[in-house]
Amino acid sequence: MRLVAIYVKEHEYLINEPTTINFGGEHLYAFEEKKGTILISRSKNHNHIEGFFDLTSYDCKLSLISAVVGKNGAGKSSIMDIIRSKFVKNEFSLPNSKTILLIESEEDEYPIILQSDFKNIVYKLSTLESEKLKAGEELTKKLNKYTTSDAQTIYYSPHFDFKYNLNFDEIDDYDLSFDKILEEDLKDLENKGTSSNGWNYTPTQELVFKNSLRQLMFFSSDLVKKNNIFKNIFNLPEHGQSKLFFRGHKIEREWNTPSSFRPALKIIKEKLKKESSEWGNIRKFSKDKKKVLNQIDVNKYLLKRNLIKDIISVLERQMEKENSYLSNGEINFVKFDKQTKNLDAYDSFLLFINTSKIKFGSSKFDAFHSKSIKELFNKLYKYIEEIDREDFVENDNIQIEPLKIFELLKLHKEFLQNLFAYYPKLQRNKNEEPLYEKSNKIEGFINYIPTNKSLSSGENALLNLFSRIYTFIDENLSEKTKILPAKKHYILLLDEADLAFHPTWKKKFVKSIVSSLPYFFEGLKNPPSLQIIFTSHDPLTLSDIPKENIVYLNKDEDGKMIIVNSSTKKSFGANITDLLADSFFVEGGLIGEFAKLKIEKTIKWLNENKDPANRNVSFSEQFEHHKKIIAMIDEPIISLKLSEMLDELVEDKEFQKEMLQKEIDYLTKRKNSLDIPRS
């Protein structure tokens, strides 16, 4: 499916009159209101090619890409909000509008209503459609409705817009805007532990930790490493030497931790306190007693005990969130007390996580996933011991090689995923899939920061886009940590996502999202279909999009939004100078790489089929396919040359004439527009 058109009759501030927005589906739609009924009609979009943007062989199909362009303040972001408002928890949390959202589906002959604020909607059959009717059949028909619960928008914006509605706490669970990311990254800061010096980490330090970690986890993911998607598109620097900072949680009370666990945890904490106070016993001095010879051993000794303290704080913080298991914890304290008499804090902790149970009704299960905890600590201790520079290990941080960091962070992630499942999934009714509560999501004790690699603003912008989408899907939609329900179709709204990109990257923007974003969703249990709508100021990006898929915005005399007719516009494969003159964006550039890819494939096909002996049974079908692509190209030099090559295959000149006439009509309209006197 794909969202193909929006009808907006009313909006809080955006428009003066009813407005129709087409996104470039198989048909172009028109809406008309008569006596309280909305009449919908449509015409064929002759430049539409089914599957045009679907370059992958994935089950997650990319059904459509559309762009919304215009000057600042023309209403680009407002259109995004109109779409979003129909999918959020309360649509009144965003600017109010009276709208119809229309979709197309391969399974349905007619358009389908995704969402509507109108009671009476009728589809008006075209002349061609009415000719197929039997005598007496109606020339209008009621349209089917799609279940909005099967579709969902995901909104991304790199801007800090200060968008905040005091009347609503949670507006959009699928919001990846910088505003929302900032809020999420900082909301638990007050509950985090301090540095080894006892100082609280600043909001800036916290944001660096969170953003760096997102980028690294994305960059080191199987999605990137195994598929070379991004390395083939962007030449990003490899991560160099980095630091891991260890920081636990603040625990000020013991109200919900299972009662039977508390004495055992108290034993471990007392052992930790005693062992930490004995750090002086391992020091070795120079002969004159003025210099410590093994400070690195002291640092390692203290760090290991701090790590146990940190992970215990994470476990306790999770248990303290609810009292679901307050009286259901089970551990044989007498046996535990006896067994730990001669054990140190670390081995006592391992015994605790191995023997702690939760008894719930007639069933009993492990309170903690001991395997993931032991694997994490085995690697941590191993890599700490391998450090041979004193300045690379301190009481709360280590500096090690990137590959070791990747491995530790992966184990840390697995530990958190298993701890997240401490509370079971909830199912409110039989028709709803079981989901984890977002409030039970837990942050860990390992933080990451690069030390000798500084990304440019453009590199950061690029990695932020992909890493935030990757992290959102991984933490909210994957089966291991599923917080949000599965949807059959996602509409990805990218609001100026190419902001701060280098011009070279802007040329690759469409190709990169076409090649990669379907794979982000491919790993889900039931891969959905995907659609992308983006806003942009940049012609480098627009040259990859057919003009029927572009919504051109401007302002009227009152500063309200109006839709500009795209019939005189040029976009797909067009020369950037034409785009600049037409759409007042930025200077410089050539056509986008996605358009270039399509044109190159057409040229290759034309050359391969010059000799009739090389043609196969699909020649006629491919001939029409490449004819459509050539007709779509808005750069006259390219389109006229390719039309000539195409006609040579069938010894005809009709298509050349058609393309020449198209250019004559375009130039005539441009000429006539110059003759209109300015007011």
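Starting from 1, residues in each chain are numbered consecutively following that chain's sequence as written. Thresholds applied to this predicted model are a pLDDT of at least 70 for local features of residues and 80 or more for the giving and counting of side-chain atom pairs; totals over whole chains, interfaces and linings are not thresholded and use all residues. To get the side-chain values, take all heavy atoms of the structure and skip hydrogens and water.

Colleague: Account for the pairing of strand β4 (residues 37-44), naming residues and giving values.
Modeller: Every other side chain in a regular strand lies on the same face of the sheet, so the side chains alternate between the two faces. Pairing analysis gives eight bridges linking strand β3 (residues 27-34) to β4, with the strands arranged antiparallel. The residue bridging Ala 30 from the neighbouring strand is Ser 41, located in β4. In this description, strands pair whenever DSSP reports at least two bridges between them. In this description a helix means any DSSP run of H or I spanning at least four residues, a strand means any run of E spanning at least two, and both kinds are numbered starting from the N terminus. Hairpin connection, β3 to β4: the antiparallel pair is bridged by two residues, and Lys 35 has positive phi, about 50 degrees. Sheet topology note: the β4/strand β8 (residues 121-124) ladder contains three bridges and is parallel. Within the sheet, the bridge partner assigned to Leu 39 lies in β8 and is Val 122.

Colleague: Quick one: what's the story with the pattern of salt bridges, residue by residue and with numbers?
Modeller: What counts as a salt bridge is simple: a side-chain nitrogen of Lys or Arg found within 4 Å of a carboxyl oxygen of Asp or Glu. Across all of its chains, the model carries 46 salt bridges by this definition. For the salt bridge of Glu 385 with Lys 304, the shortest nitrogen-to-oxygen distance reads 2.5 Å. Separated by 81 residues along the polypeptide, Glu 385 in helix α10 (residues 370-386) and Lys 304 in helix α7 (residues 295-319) bring together distant segments of the chain. Across the salt bridge formed by Lys 482 and Glu 433, the nearest N and O atoms sit 2.8 Å from each other. With a gap of 49 residues between them, Lys 482 in the loop between α12 (457-476) and β17 (489-495) and Glu 433 in the loop between α11 (402-420) and β16 (446-450) connect regions that are remote in the sequence. Since its relative accessible area comes to 5%, Lys 482 is described here as buried. The cut-offs for exposure are 20% and 50% of the maximum accessible area for each residue type, with area from a 1.4 Å probe on protein chains only; residues under the lower value are buried, those over the upper are exposed, and the others partly exposed. When its relative accessible area of 26% is taken as the criterion, Glu 433 is described as partly exposed.

Colleague: Describe helix α1 (residues 76-84), naming the residues involved and giving the relevant values.
Modeller: Of all nine residues that make up α1, eight are buried, and the element is covered over most of its length. Taken residue by residue, α1 has Lys 76, Ser 78, Ile 79, Met 80, Asp 81, Ile 82, Ile 83 and Arg 84 as its buried positions.

Colleague: So what's going on with helix α3 (residues 178-186)? Residues and values would help.
Modeller: All buried positions along α3 are accounted for by Asp 179, Lys 180, Ile 181, Leu 182, Glu 184 and Asp 185. Buried residues in α3 make contact with α4 (203-219) and α12. The contact rule is simple, with two residues in contact once any of their heavy atoms fall within 4.5 Å.

Colleague: Quick rundown of unusual backbone geometry? Include the residues and the values.
Modeller: Non-glycine residue Lys 35 carries a positive phi angle of around 50 degrees. By the element assignment, Lys 35 lies in the loop between β3 and β4. For Lys 289, which is not glycine, the phi torsion reads 65 degrees and is therefore positive.

Colleague: Describe the sheet that holds strand β19 (residues 550-555), with residues and values.
Modeller: The pairing of strands in a sheet comes from backbone hydrogen bonds and takes either a parallel or an antiparallel form. The mixed open sheet is built from six strands, whose spatial order is β10-β17-β18-β5-β19-β20. Every interior strand has two partners, whereas the edge strands, β10 (151-156) and β20 (561-564), have only one. Recorded for the sheet is a direction-independent mean angle of 25 degrees between the axes of neighbouring strands. Sheet topology places strand β5 (residues 62-70) next to strand β18 (residues 529-536); seven bridges connect them, and they run parallel. Bridged to Val 68 within β18 is Thr 535. Interaxial angles span 0 to 180 degrees and are taken between N-to-C directions of axes, which are lines fitted to C-alpha atoms, for helices over the stretch in contact.

Colleague: Run through the packing of α7 against helix α9 (residues 345-355), naming residues and quoting values.
Modeller: Where α7 meets α9, the closest approach of the two axes is 11 Å, and the angle between their N-to-C directions is 25 degrees. With respect to each other, α7 and α9 are oriented roughly parallel. Here the hand of the crossing between α7 and α9 comes out left-handed. Between α7 and α9, the contacting residues are Ile 308, Ile 311, Ile 312 and Leu 315 on the first element and Ala 345, Tyr 346, Phe 349 and Ile 353 on the second. Should an angle fall under 35 degrees it is called roughly parallel, over 145 degrees roughly antiparallel, and 65 to 115 degrees roughly perpendicular, with every other angle called oblique. When the near helix sits turned anticlockwise from the far one by under a right angle, the crossing is termed left-handed; a clockwise turn instead gives a right-handed crossing.

Colleague: Can you lay out the packing of α12 against helix α13 (residues 503-522) for me, pointing to particular residues and giving the numbers?
Modeller: Where α12 meets α13, the axes come as close as 11 Å, and the angle between the chain directions of the two elements is 15 degrees. Relative to α13, the element α12 lies roughly parallel. In terms of crossing hand, the pair formed by α12 and α13 is right-handed. Where α12 abuts α13, its residues Gly 458, Glu 459, Leu 462, Leu 465, Phe 466, Ile 469, Tyr 470 and Ile 473 lie against Trp 505, Phe 509, Ser 512, Ile 513, Ser 516, Leu 517, Phe 520 and Phe 521. When residues are sorted by character, Ala, Val, Leu, Ile, Met, Phe, Trp, Tyr, Cys and Pro go into the nonpolar class, Asp, Glu, Lys and Arg into the charged class, and all the rest, Gly among them, into the polar class. Here the contact of α12 with α13 is composed, by residue class, of twelve nonpolar, three polar and one charged.

Colleague: Which residues make up the nonpolar core, and what values do they have?
Modeller: Counting residues in each nonpolar core, the largest one holds 74 residues, and the members touching the most others are Leu 494 and Phe 520. Broken down by element, the residue count for this core peaks at nine residues, all from α12. In this view, Phe 520 contacts Phe 218, Leu 223, Phe 230, Phe 466, Ile 469, Tyr 470 and Ile 473; residues no more than four positions away in its chain are not counted. In this text, buried Ala, Val, Leu, Ile, Met, Phe, Trp, Tyr and Cys residues form a nonpolar core when linked through side-chain atoms within 4.5 Å. One finds Leu 244, Ile 311, Leu 315 and Phe 352 within the second-largest nonpolar core, a separate group that totals 57 residues.

Colleague: With reference to specific residues and values, describe the packing of aromatic side chains.
Modeller: Stacked, tilted and edge-to-face pairs are distinguished by plane angle, under 30 degrees for stacked and over 60 for edge-to-face with tilted covering the rest, among Phe, Tyr and Trp rings (Trp via its six-membered ring) whose centres lie within 6.5 Å. Taken as a whole and judged by the stated rule, the model has 35 aromatic pairs. A network of ring pairs unites the aromatic residues Phe 261, Tyr 325, Phe 352, Phe 365, Phe 368, Tyr 422 and Tyr 423 as a single cluster. Sitting over a ring, as applied to charges here, requires NZ of Lys or CZ of Arg to be within 6 Å of the ring centre and within 35 degrees of the ring normal. In this arrangement the basic side chain of Arg 247 is found over the ring face of Tyr 201, its NZ or CZ atom lying 5.0 Å from the centre.

Colleague: How would you sum up the pairing of β10? Please name residues and give values.
Modeller: Burial runs high along β10: six of the six residues are buried. Pairing geometry for β10 and β17, over six bridges, is parallel. Paired with Tyr 155 across the bridge in β17 is Leu 493.

Colleague: Requested: an account of the environment of Leu 674, with residues and values cited.
Modeller: If you trace the backbone, Leu 674 turns up in helix α19 (residues 654-675). The spacing of Leu 674 and Phe 162 is 512 residues in sequence and 42 Å in space, taken between C-alpha atoms.

Colleague: So what about the confidence of the model for the protein chain? Which residues, and what values?
Modeller: With 94% of its residues at a pLDDT of 70 or more, the protein chain shows a mean pLDDT of 88. Between the elements of the protein chain, mean pLDDT differs from a low of 58, seen in helix α15 (residues 576-583), to a high of 97, seen in α10. Segment residues 583-589 is flagged for pLDDT under 50; beyond a separation of four residues in sequence, or across chains, it makes 23 contacts in the model. Here pLDDT means the predictor's own confidence in every residue, given as a number from 0 to 100.

Colleague: How would you summarise the sheet that holds strand β13 (residues 357-360) if you had to cite specific residues and measurements?
Modeller: Taken together, the three strands give an open sheet; going across it, the order is β12-β13-β14, and neighbouring strands pair in antiparallel fashion. Every interior strand has two partners, whereas the edge strands, β12 (329-330) and β14 (363-366), have only one. Summarising the sheet, β12 and β13 pair through two bridges and their orientation is antiparallel. In the strand pairing of β13, Glu 330 is matched with Lys 357.

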